Amino acid sequence: MTTSSYSIPSPAVAGPVSGLAAISDNRGMSTDGSTDKPRRRVISVAEKLAHLEAYDQAIQTQQGGAYLRANGLYSSQIAQWRKQSDAGMFDDKQPGQSVGKPTKEQAEIARLKRQLADRERDLETTQTALDIMGKAHARAT
């Protein structure tokens, strides 16, 4: 095993930090001296709805995380878009029109829609279980 003779100097030995201020970083600078800030990505309502649908399909095949990575999205964005969609905030929106925060009424409607969907899913599961139990009881008698 070879040992390296390179050592990292401690901050006290390295000297004052002000010497680093002289280093110039020209990233983001154009030739005329103005800064070129990266533009924020704008995702239209149609794209958001398409991402929601595609993400739901990816979840069914256990590929949700891969879909998010491939499209440069975050799960928090999906959650926010789902809330906005459930609240009806994407209805009647024109391309480029902004979607703000839901009102209290819209948020309550979205919450109630999610609650109803959960209850319907629970009811379906219960009915399936009762059907299975009924068939098993019919065979036993």
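The structure displayed is predicted, hence computed values, not measured ones.

Draft legend 1. Local environment of the overall build of the protein chain. When you go through the protein chain residue by residue, the secondary structure sums to five helices and zero strands. The order of α-helices and β-strands along the protein chain, N terminus first, is α-α-α-α-α. Residue pairs at least 24 apart in sequence account for 42% of intrachain contacts in the protein chain once pairs closer than 6 positions are excluded. For the protein chain, the exposed area adds up to about 12,100 Å²; of that, 55% sits on carbon and sulfur atoms.

Draft legend 2. Examining the packing of helix α2 (residues 45-60) against helix α3 (residues 64-71) more closely. At a minimum axis separation of 7 Å, α2 and α3 run at an interaxial angle of 145 degrees. Each of A50, H51, A54, Y55, A58 and I59 in α2 lies in contact with α3, whose residues at this interface are G64, Y67, L68 and N71. By residue class, the composition of the contact of α2 with α3 is seven nonpolar, three polar and no charged.

Draft legend 3. View of α3. All of the buried residues in α3 are G64, Y67 and L68. Here the buried residues of α3 occupy an arc of 100 degrees about the axis, which is enough to place them on one side. Within α3, the exposed residues directed more than 90 degrees away from the buried face are R69 and A70. Looking at the buried residues of α3, the elements they touch are α2 and α4 (75-86). G72 lies just past α3 and shows a positive phi near 65 degrees.

Draft legend 4. Just the packing of α2 against α4, in detail. As a packed pair, α2 and α4 sit with axes 10 Å apart at the nearest point and diverge in direction by 115 degrees. With respect to each other, α2 and α4 are oriented roughly perpendicular. Note on packing geometry: the crossing formed by α2 with α4 is left-handed. Note on element contacts: α4 touches α2 through I78, W81, R82, Q84 and S85, opposite K48, L49, H51, L52, Y55 and D56. Per-class residue counts for the contact of α2 with α4 are five nonpolar, three polar and three charged.

The rules behind each value
Each chain has its residues counted from 1, running along the sequence as written. Only residues with pLDDT of at least 70 get local features here, since the model is predicted, and only at 80 or more are side-chain atom pairs given and counted; chain-wide, interface and lining totals rely on the full set of residues. Water and hydrogen atoms were dropped before computing side-chain values, which therefore reflect all heavy atoms in the structure. Every helix listed is a DSSP run of H or I at least four residues long, and every strand listed is a run of E at least two residues long, numbered separately from the N terminus. Two residues form a contact once any of their heavy atoms are found within 4.5 Å. Computed with the Shrake-Rupley method and a 1.4 Å probe, the accessible areas treat only the protein chains shown as cover for residues. Axes here refer to lines fitted to C-alpha atoms; in helices the fit is confined to the stretch in contact. Angles between the N-to-C directions go from 0 to 180 degrees. Note on residue categories: nonpolar means Ala, Val, Leu, Ile, Met, Phe, Trp, Tyr, Cys or Pro, charged means Asp, Glu, Lys or Arg, and polar means any other residue, Gly included. A simple rule labels every residue: compare its accessible area, found with a 1.4 Å probe on the protein chains alone, to the largest value its type can have, and call it buried under 20%, exposed over 50%, or partly exposed in between. Arc, as used here, means the arc of the directions from the helix axis to the C-beta atoms. Orientation is classified from the angle alone, with under 35 degrees giving roughly parallel, over 145 giving roughly antiparallel, 65 to 115 giving roughly perpendicular, and any other angle giving oblique. Crossing handedness is defined as follows: a turn of the near helix away from the far one that is anticlockwise and smaller than a right angle gives a left-handed crossing, while the clockwise case is right-handed.

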